[in-house]
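Overview (structure and organization)
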Amino acid sequence: MELRITKNLIALALMVSTGLLASCYYDNEQELYPGNNLPTSNISFSKDVNPILVSRCISCHAAAVFFGNIATETYDQIKVLADNGKLIGSIRQDSGFKAMPQGSAKLSDAQINLINTWITEGSKNN
Ligand code: HEC
């Protein structure tokens, strides 16, 4: 009886830990390989730019959180930051801008280049 409980506990622990490992791996794929397969032209807002902002910015800049009176939840909100220079200034961490994402690793060069190219291509809602 006791042995069976122990076995079940071990099985449960294994299931939980492999599940956690798998999800960690999945969550961090962009951070582990942030330059992988990123396009360098014809950047799409929905496919290329927004997923980066969702994973790295929205936890602090959703409409409900709104740090610094900045939201990065919708195209229109992000477009304002693209036009006024704050998006690229903050992620490139240029002097005179607040360095973003606050408290975590800088975006990769490939991600920054991707967002910069999206802006120079007209920051389209594509
Ligand atoms: C951990 C929370 C956090 C994360 C993640 C984060 N920010 Fe911020 N952000 C802040 C806070 C807090 C402020 C206000 C800072 C201040 O006023 O000193 C801010 C301010 C800003 C500003 C306004 C800067 C200015 O000069 O007015 C911009 C633009 C910005 N963030 C963009 C981003 C972008 C883009 C990302 C993702 C790449 C990001 N943030 C990720 C917390 C965060």
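Report follows, based on the coordinates. Residue numbering note: each chain is counted from 1, following its sequence as written. Residues qualify for local features only when their pLDDT is at least 70, as the model is predicted, and side-chain atom pairs are given and counted only at 80 or more; totals for whole chains, interfaces and linings, by contrast, use all residues. Excluding hydrogens and water, the side-chain figures rest on all heavy atoms present in the structure.

This part covers the side chain of N50. Starting at the N terminus, helices and strands are each numbered in turn, a helix being any DSSP run of H or I of at least four residues and a strand any DSSP run of E of at least two. Within the secondary structure, N50 is located in helix α3 (residues 45-56). We call two residues in contact whenever any of their non-hydrogen atoms come within 4.5 Å of each other. Setting aside residues no more than four positions away along its own chain, N50 makes contact with F45 and I78.

Note on donors: an N, O or S atom is included if it sits within 2.8 Å of the metal, or within 3.2 Å for Na, K and Ca, and water is never included, so sites can look incomplete. Here the iron atom of the ligand is held by H61 (NE2) and M100 (SD), and the distances to it run 2.0 to 2.2 Å. Taken together, the six donor atoms surrounding the iron atom of the ligand define angles of 85 to 178° at the centre, an arrangement classified as octahedral. Pair noted here: H61 is in helix α4 (residues 58-61) and M100 is in the loop between α6 (86-92) and α7 (109-120), with a separation of 39 residues, a long-range link. For H61, a relative accessible area of 11% translates into the label buried. Between 85 and 135 degrees for all angles marks four donors as tetrahedral; over 155 degrees for opposite donors together with 65 to 115 for all other angles marks four donors as square planar and six as octahedral; every other arrangement is irregular. A 1.4 Å probe rolled over the protein chains alone gives each residue an accessible area, and that area as a share of the maximum for its type sets the label: buried under 20%, exposed over 50%, partly exposed in between.

A side-chain nitrogen of Lys or Arg and a carboxyl oxygen of Asp or Glu constitute a salt bridge if their distance falls within 4 Å. As enumerated under the stated definition, the model contains two salt bridges in all. Between D94 and R92 there is a salt bridge, and its shortest N-O distance comes to 3.0 Å. The class of D94 is partly exposed, set by a relative accessible area of 24%. Classification of R92 as partly exposed rests on a relative accessible area of 36%.

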